[in-house]
Amino acid sequence: MSDERYDFIVASNRLPVDRVIDDDGTASWRRSPGGLVTALEPVMRDADGAWVGWGGQADLELEPFDWDGVRIVPIKLSEDDLEKFYEGFCNDTLWPLYHDVIAPPHYHRVWWDSYVSVNQRFANAIAAVSSQGATVWVHDYQLQLVPRMLRQARPDLTIGFFNHIPFPAYGIFSQLPWRVQIIEGLLGADVIGFQRVADAGNFSRAVRRLLGYSTKSPVIEVPHRGAHPARRVIARAFPISIDVAGFEHLARSPEVQARARQIREDLGNPKTIVLGVDRLDYTKGIGHRLKAFGELLAEGRLKVEDVTLVQVASPSRERVETYRQLRDEIEQTVGRINGDYGTISHQAVSYLHHGFPREEMAALYVAADVLLVTALRDGMNLVAKEYVAARFDDDGVLVLSEFTGASDELRTALLINPHDIDGVKDAVMRAIEMPRAERRKRMRALRKRVRENDVTHWSESFLRALAEARRRAGETGGIDALGELEWTVDRAPRA
Ligand code: GDG
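Everything numeric in this text was worked out from a predicted model, so none of it was measured.

## Section: unusual backbone geometry
Phase 1: Backbone torsion omega between S217 and P218 reads 5 degrees, so that peptide bond is classified as cis.
Phase 2: Locating P218 in the fold gives a position in the loop between β10 (215–216) and β11 (219–222).
Phase 3: The backbone phi angle of D140 is positive, close to 75 degrees, even though this residue is not glycine.
Phase 4: In this structure, D140 sits in the loop between β7 (130–139) and α4 (146–153).
Phase 5: Exposure remark for D140: the relative accessible area of 12% places this residue in the buried category.

In structure tokens:
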């Protein structure tokens, strides 16, 4: 590895680029879709940044390289790491635990050992590329031990952590056999960001209960221990968002508009298109949504000629058994509904189990009269925000689960409790029958809210809090780098 050092480092389980093999067999890198890349790209370029993460293929050993002005530092994960760290501890222990045990979490000590060793690998790689006094931003539940490991190796660094998924209430979190290690791992950061105020509250409570530290929102006092001086850690909400202007721009394009018209035609010109877009994940409540829709058809409140439910269920974590079972259940339900209510010319549910380009997603949002989000627990839910961003015509109705982080902001959506199937059915009917004036009023309020907090605003506020934390800590190392970063953030274009 070269000895180049960087002032700003982002670490996430996946790199912001995907490795693609062209027809002639040569490998190249393509920007992966996703808001995080968009949010951090300007900051990364201006602040001389590096991104540390896994390249998406097992056993791939690659040297760091430059990609579009960003230094990419690939971390190798073996087949064994994937099985124990990624599919095991991340996706079958932490994911269900942090989503209110909707599915049972599995606790295996060998998975935990792998989690520790992969986190250490990330921490070592970050430490190796960080210049003196650099700022490091670590992302998500796969890397919760990194902040502490990094602080031990490099006390000169300023460390931020953002949790993209919920942080559960103490009664649930306390199941985790390694709960103290996780809390201590996170407390290595200067600023810990969560999606919702409630998530930050749950974290602070876990700190009080498990470690007895005093907390006064948003400050957690970490006492002096051994060679480590007392510190203050900030834990608070920074609700993530999307590239609002970019999404609206896409939705306005003539191609996307034409495609939206085509989609409606291809579906047999129903009066109403109801849309669901989710990774095929048990947290998204796809089964609850289908149940409500099926009952509305069974009761004759909806007619298959009038309404189509388009459900995009993008493939996810297909090597994890719970996800395989979920797919079978969902597809059986879809088959049953279509068998019972479909006609030769009209399908009740148009079910799509594949990923689509962003343009197609935008066209679906433009075509959909109602977007149905029934997540049983969701850190934020960006799909809801994308739908709002795409509706520059101030039309369309958002039906939104109150168990999403987005529901804290998007108060003029039709808010639902997805466990209350009758309530979901009534909300769907209300959305379908809503007069144009009410649709416009609600959508305008939603759009105002989403525009106020776009993804640039999100990353700026997090990095500002991090810079502030460093200033307060009174550290001397890296002050110059900090000044530069702040300047960059202030200058970052607003969408
Ligand atoms: C986690 C948290 C939090 C989906 N299918 C396709 C596609 N997508 C895009 C959507 C959206 C994104 O994926 C999904 O984001 P969500 O927020 O809805 O959900 P998670 O994947 O579970 O994300 C979540 C998020 O992190 C950010 O912090 O909000 O709570 O669970 O952007 O549009 N995009 C394309 N084709 C698809 O088929 N191009």
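## As for the pairing of β7
Phase 1: With 9 of 10 residues buried, β7 is to be regarded as a mostly interior element.
Phase 2: Relative to β7, strand β1 (residues 6–14) runs parallel, the two sharing 5 bridges. Note that in β7 the partner of I9 across the bridge is V136.
Phase 3: Sheet analysis places β7 next to strand β8 (residues 158–162), joined by 5 bridges and oriented parallel. When the sheet's bridge partners are listed, W137 is paired in β8 with G160.
Phase 4: For the segment spanning β7, α4 and β8, crossover handedness is right-handed.

## Considerations on the pairing of strand β6 (residues 70–75)
Phase 1: Most of β6 is tucked away: 6 of the 6 residues are buried.
Phase 2: Side chains V70, I72 and P74 of β6 all project onto a buried face; the interleaved residues R71, V73 and I75 project onto the opposite face, where all are buried too.
Phase 3: One ladder, built from 5 bridges, connects strand β4 (residues 49–54) with β6; its direction is parallel. Each residue of the ladder has a partner; that of G53, found in β6, is P74.
Phase 4: In terms of strand pairing, strand β5 (residues 65–67) meets β6 through 3 bridges, oriented antiparallel. Looking at the pairing, W67 lines up with V70 of β6.
Phase 5: Between β5 and β6, which pair antiparallel in sequence order, lie 2 residues; one of them, D68, sits at a positive phi of approximately 50 degrees.

## What to know about the packing of aromatic side chains
Phase 1: Enumeration over the complete set of coordinates arrives at 23 aromatic pairs.
Phase 2: Between F162 and F462, the ring centres sit 6.5 Å apart and the planes meet at 90 degrees, which makes this aromatic pair edge-to-face. Here F162, found in strand β8, pairs with F462, found in helix α16 (residues 455–473); they are 300 residues apart in sequence, far enough to count as distant. Both residues of the pair, F162 and F462, belong to the buried class.
Phase 3: The interplanar angle of 65 degrees and the centroid separation of 5.1 Å between the aromatic rings of F238 and F462 together place this pair among those described as edge-to-face. With F238 in the loop between β12 (231–237) and α8 (244–252) and F462 in helix α16, this pair connects stretches of sequence that are 224 residues apart.
Phase 4: A relative accessible area of 2% means that F238 is categorised as buried.
Phase 5: Its relative accessible area of 0% is what places F462 among the buried residues.
Phase 6: Each member of the aromatic cluster is reached from another via a ring pair, and the members are F85, F89, W112, Y115 and W178.
Phase 7: The aromatic ring of W95 is capped on one face by R317, whose charged end is 4.1 Å from the ring centroid.

## Focus: the site of the ligand
Phase 1: Of all residues adjacent to the ligand, which total 21 residues, the nearest are H164, F356, D378, L382 and E386.
Phase 2: A distance of 2.7 Å separates an oxygen atom of the ligand from a polar backbone atom of L382.
Phase 3: The protein chains hide 82% of the 730 Å² of surface that the ligand would expose on its own.
Phase 4: At the level of elements, α12 (358–367) and α13 (382–390) are the ones that each hand at least two residues to the shell around the ligand.
Phase 5: A class-by-class count of the residues in the shell around the ligand yields 9 nonpolar, 7 polar and 5 charged.
Phase 6: When we break the shell around the ligand down by domain, the ones giving at least three residues each are domain 1 (6–240 + 456–490) and domain 2 (244–452).

## Focus on the packing of α8 against helix α9 (residues 254–266)
Phase 1: Taken N-terminus to C-terminus, the directions of α8 and α9 make an angle of 65 degrees; their axes are 5 Å apart at the nearest point. Residues L250, A251 and R252 of α8 pack against P254, V256 and Q257 of α9.
Phase 2: The residue inventory of the contact of α8 with α9, partitioned by class, reads 4 nonpolar, 1 polar and 1 charged.

## Details of the sheet that holds strand β16 (residues 370–373)
Phase 1: As summarised here, the arrangement of the 6 strands in space is β15-β14-β13-β16-β17-β18, forming an open sheet in which the pairing is parallel. A strand with exactly one partner marks an edge of an open sheet, and here the two such strands are β15 (349–352) and β18 (414–416). Ignoring which end each strand starts from, the neighbouring axes of this sheet average 20 degrees apart.
Phase 2: Sheet analysis places strand β13 (residues 272–279) next to β16, joined by 2 bridges and oriented parallel. Residue pairing in the sheet places V274 in a bridge with V370 of β16.
Phase 3: Across the sheet, helix α10 (residues 286–298) is in contact with β13, β14 (307–314), β15 and β16; its angle to β14 comes to roughly 165 degrees.
Phase 4: Sheet contacts for helix α14 (residues 421–433): β13, β14, β16, β17 (397–401) and β18; angle to β18, the most-contacted strand, approximately 170 degrees.

## What to know about the domain arrangement of the protein
Phase 1: The domain architecture assigned to the protein consists of domain 1 (6–240 + 456–490) and domain 2 (244–452).
Phase 2: Taken together, the contact pairs 20 residues of domain 1 with 24 residues of domain 2.
Phase 3: Taken together, both faces of the contact between domain 1 and domain 2 bury some 1,800 Å²; the carbon and sulfur share is 54%.
Phase 4: In terms of surface lost to domain 2, no three residues of domain 1 exceed W95, I102 and R196, which account for 35% of the buried area on that side.
Phase 5: Where domain 1 packs against domain 2, one counts 4 salt bridges.
Phase 6: The interface formed by domain 1 and domain 2 includes 11 residue pairs in polar contact (both at pLDDT 80 or more).
Phase 7: The element contributing the most residues to the side of domain 1 that touches domain 2 is helix α2 (residues 79–98), with 7 residues.
Phase 8: Partitioning the side of domain 1 that touches domain 2 into residue classes produces 10 nonpolar, 5 polar and 5 charged.

Calculation criteria
- Residues numbered from 1 in each chain as written.
- Predicted model: local features only at pLDDT ≥ 70, side-chain atom pairs only at ≥ 80, totals over all residues.
- Heavy atoms only, no water.
- Helix = DSSP H or I, 4+ residues; strand = E, 2+ residues; numbered from the N terminus.
- Buried < 20%, exposed > 50% of the residue type's maximum accessible area, 1.4 Å probe, protein only.
- Pairing = 2+ DSSP bridges.
- Right-handed = clockwise from strand over helix to strand, strands pointing away.
- Phe/Tyr/Trp six-rings, centres within 6.5 Å; stacked < 30°, edge-to-face > 60°.
- Lys NZ or Arg CZ within 6 Å of the ring centre and 35° of its normal.
- Near = heavy atom within 4 Å.
- Polar contact = N/O pair within 3.5 Å; in protein donor to acceptor, adjacent residues only side chain to side chain.
- Areas by Shrake-Rupley, 256 points an atom, 1.4 Å probe, with all protein chains shown as cover.
- Nonpolar A, V, L, I, M, F, W, Y, C, P; charged D, E, K, R; others polar.
- Domains from an automatic or database assignment.
- Axes fitted to C-alpha atoms, helices over the stretch in contact; angles between N-to-C directions.
- Contact = heavy atoms within 4.5 Å.
- Buried area = accessible area lost by both parts, 1.4 Å probe.
- Salt bridge = Lys/Arg side-chain N within 4 Å of Asp/Glu carboxyl O.

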